[in-house]
Amino acid sequence: VKSLFLNSWVCTFVRCMIYVIYTFTVSIYTHLMEEDMGKQVFELDLRQLPPALRHVKIFERWDELTPGQSILLINDHDPKPLYYQFAAELSNEFEWQYQEEGPEKWVVTISKK
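Residues numbered from 1 in each chain as written. Predicted model: local features only at pLDDT ≥ 70, side-chain atom pairs only at ≥ 80, totals over all residues. Heavy atoms only, no water.

Visitor: Explain the nonpolar core to me, and be specific about the residues and the numbers.
Guide: As a rule of thumb, soluble globular proteins bury nonpolar side chains together. Ranked by size, the top nonpolar core spans 16 residues in total, and within it Trp62, Leu73, Leu82, Phe86 and Ile110 carry the most contacts. Sorting the residues of this core by element identifies strand E1 (41–45), helix H2 (51–64), strand E2 (70–75), helix H3 (80–89), strand E3 (94–101) and strand E4 (106–112) as the ones contributing at least two each. A per-element tally of this core places H2 first, with 3 residues. (Core = buried A, V, L, I, M, F, W, Y, C linked by side-chain atoms within 4.5 Å. Buried < 20%, exposed > 50% of the residue type's maximum accessible area, 1.4 Å probe, protein only. Helix = DSSP H or I, 4+ residues; strand = E, 2+ residues; numbered from the N terminus.)

The following block contains the structure:
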């Protein structure tokens, strides 16, 4: 009987701890998502990404933006081809502003109108 009581108590304790951990995790995640949604500028450093993945990553982030939000793009070369792609596909939906222009690093703010 004593071992049955102990097993029951341990199971209840474990269930309570799982609930507490789950609730805490959900609370932290929700808080982080709210912070991220309130952000206006998202930094995107592409220098470590393979060139073939860079435009994909940029447009993934772009699709997540709401009007008024921006990407602060950091690159190891002038992203002029990206500008032309934005101009062709999203002509009046963005603003492009250089913050830093090489020779080692280019920084551009791309804002969603």
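Let's pick the thread back up.
Visitor: So what about the sheet that holds E4? Which residues, and what values?
Guide: The 4 strands are arranged E1-E2-E4-E3 in an open sheet whose pairing can be described as mixed. Here the strands that pair on one side only, and so sit at the sheet edges, are E1 and E3. Each neighbouring strand pair of the sheet contributes to a mean axis angle of 20 degrees, computed without reference to strand direction. Across 7 bridges, E3 lies against E4 in antiparallel orientation. Following the sheet pairing, phenylalanine 94 is matched in E4 by lysine 112. This element, H2, spans E1, E2, E3 and E4 of the sheet and lies at about 165 degrees to E2. Of the strands in this sheet, E2, E3 and E4 are in contact with H3, which crosses E3 at around 170 degrees. (Pairing = 2+ DSSP bridges. Axes fitted to C-alpha atoms, helices over the stretch in contact; angles between N-to-C directions. Contact = heavy atoms within 4.5 Å.)

Visitor: Kindly report on the packing of H2 against H3, identifying the contributing residues and their values.
Guide: Between H2 and H3, whose axes approach to 12 Å, the crossing angle comes to 45 degrees. The angle between H2 and H3 places the two elements in the oblique class. Regarding H2 and H3, the two cross each other, and that crossing is right-handed. On H3, the residues that touch His55, Ile58, Phe59 and Trp62 of H2 are Leu82, Gln85, Phe86 and Glu89. Class assignment of the residues belonging to the contact of H2 with H3 gives a composition of 5 nonpolar, 2 polar and 1 charged. (Parallel < 35°, antiparallel > 145°, perpendicular 65-115°, else oblique. Left-handed = near helix turned anticlockwise from the far one by under 90°. Nonpolar A, V, L, I, M, F, W, Y, C, P; charged D, E, K, R; others polar.)

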